[in-house]
Amino acid sequence: GDSVTQMEGPVTLSEEACLTINCTYTATGYPSLFWYVQYPGEGLQLLLKATKADDKGSNKGFEATYRKETTSFHLEKGSVQVSDSAVYFCALRSAGGTSYGKLTFGQGTILTVHP
Amino acid sequence: GAVVSQHPSWVICKSGTSVKIECRSLDFQATTMFWYRQFPKQSLMLMATSNEGSKATYEQGVEKDKFLINHASLTLSTLTVTSAHPEDSSFYICSASSALTGSDEQYFGPGTRLTVT
């Protein structure tokens with residue numbers, strides 16, 4: 001079955017440091033890939049997504065590139081801010097699912113950014 | 001963006017009682033709602049998918065008679081944990097999507113913490 005493995009945390013960085021959170025997946029076909037962010041006390045929000053190989057999703061300074069050859073979708077940001085402190089989830093939606101099909105999530109990575 | 005609320009945000013109940021959790025889409029019509037369960041430091045696990053007016057589709061290993069899901073309107077779905085036991089203690093999260101908008105994005109609620117004593 002489908003699975004997502006992401007870098008275990010917690011990750012602690014100083015403001016303006018570079019961030020990479022690794023995410024790899026196992027799925028048949030060409031799944032859609034997502035990064036969700038959960039700020040304290042709030043629900044998960046879609047951060048970015050990519051629907052086909054070599055697509056790059058980007059939002060709020062974060063980027064991730066869909067790499068079919070390495071089955072990866074690593075999240076990167078060049079300069080993190082304190083406000084980026086949150087839990088980040090990598091997820092995929094199987095290509096075989098319906099348009100409103102289920103998501104398979106990684107275990108989440110807690111990011112804490114200090115001033 | 002679309003807003004999904006859950007009520008209550010946390011609940012403590014005694015073993016053997018039933019608990020109902022509500023999931024509401026506040027500013028859009030949710031044709032599909034999803035219920036997830038999250039254990040500490042673990043991933044979200046999909047429990048079931050419900051389409052408005054239809055019976056829910058449960059994931060393998062999820063007891064449909066224990067976790068009753070109702071999606072009677074386009075803005076409300078409920079999850080009832082029947083005869084709750086301590087092992088049912090968890091964080092329950094719902095999400096909603098709408099086939100009416102042309103977008104396939106799921107919008108998540110903030111979650112409900114259930115503790116069974």
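Caption draft 1: Focus on the overall build of chain B. Across its full length, chain B holds zero helices and 11 strands. Over its C-alpha atoms chain B spans a radius of gyration of 13 Å, differing by no more than 12% from the 13 Å that the globule rule assigns to 117 residues. Taking the principal axes of its C-alpha atoms as reference, chain B extends roughly 45 × 25 × 20 Å. By residue count, 49% of the 117 residues in chain B fall in the buried class. For chain B, contacts bridging at least 24 residues in sequence account for 56% of all contacts bridging at least 6. As displayed, chain B has an accessible area near 5,700 Å², and 52% of this comes from carbon and sulfur atoms. Taking the average place of the 9 positive charges on the side chains of chain B and the average place of its 10 negative ones, the gap between the two points comes to 9 Å.

Caption draft 2: Main features of the state of the cysteines. One pass over the structure, following the stated rule, counts two disulfides over all chains. Linked covalently through their sulfurs, Cys23(B) and Cys94(B) form a disulfide whose S-S length is 2.0 Å. Taking the sign of the torsion about the S-S bond as the criterion, the disulfide between Cys23(B) and Cys94(B), at about 80°, is right-handed. Remark: Cys94(B) occurs in strand S9 (residues 90-97) and Cys23(B) occurs in strand S3 (residues 19-25); sequence separation between them is 71 residues. Like Cys23(B), the residue Cys94(B) is buried in the burial classification. Cysteine Cys18(A) shares no disulfide, and the gap to the nearest cysteine sulfur, in Cys23(A), comes to 20 Å. The exposure class assigned to Cys18(A) is exposed, which follows from its relative accessible area of 60%. For Cys13(B), which is in no disulfide, the shortest distance to another cysteine sulfur is to Cys94(B) and amounts to 18 Å.

Thresholds, definitions, all that
- Residues numbered from 1 in each chain as written.
- Chains lettered and ligands numbered in written order.
- Predicted model: local features only at pLDDT ≥ 70, side-chain atom pairs only at ≥ 80, totals over all residues.
- Heavy atoms only, no water.
- Helix = DSSP H or I, 4+ residues; strand = E, 2+ residues; numbered from the N terminus.
- Rg over C-alpha atoms; globule rule 2.2 N^0.38 Å.
- Buried < 20%, exposed > 50% of the residue type's maximum accessible area, 1.4 Å probe, protein only.
- Contact = heavy atoms within 4.5 Å.
- Areas by Shrake-Rupley, 256 points an atom, 1.4 Å probe, with all protein chains shown as cover.
- Lys, Arg positive; Asp, Glu negative; His and termini not counted.
- Charge placed at Lys NZ, Arg CZ, Asp CG, Glu CD.
- Disulfide = S-S within 2.5 Å.

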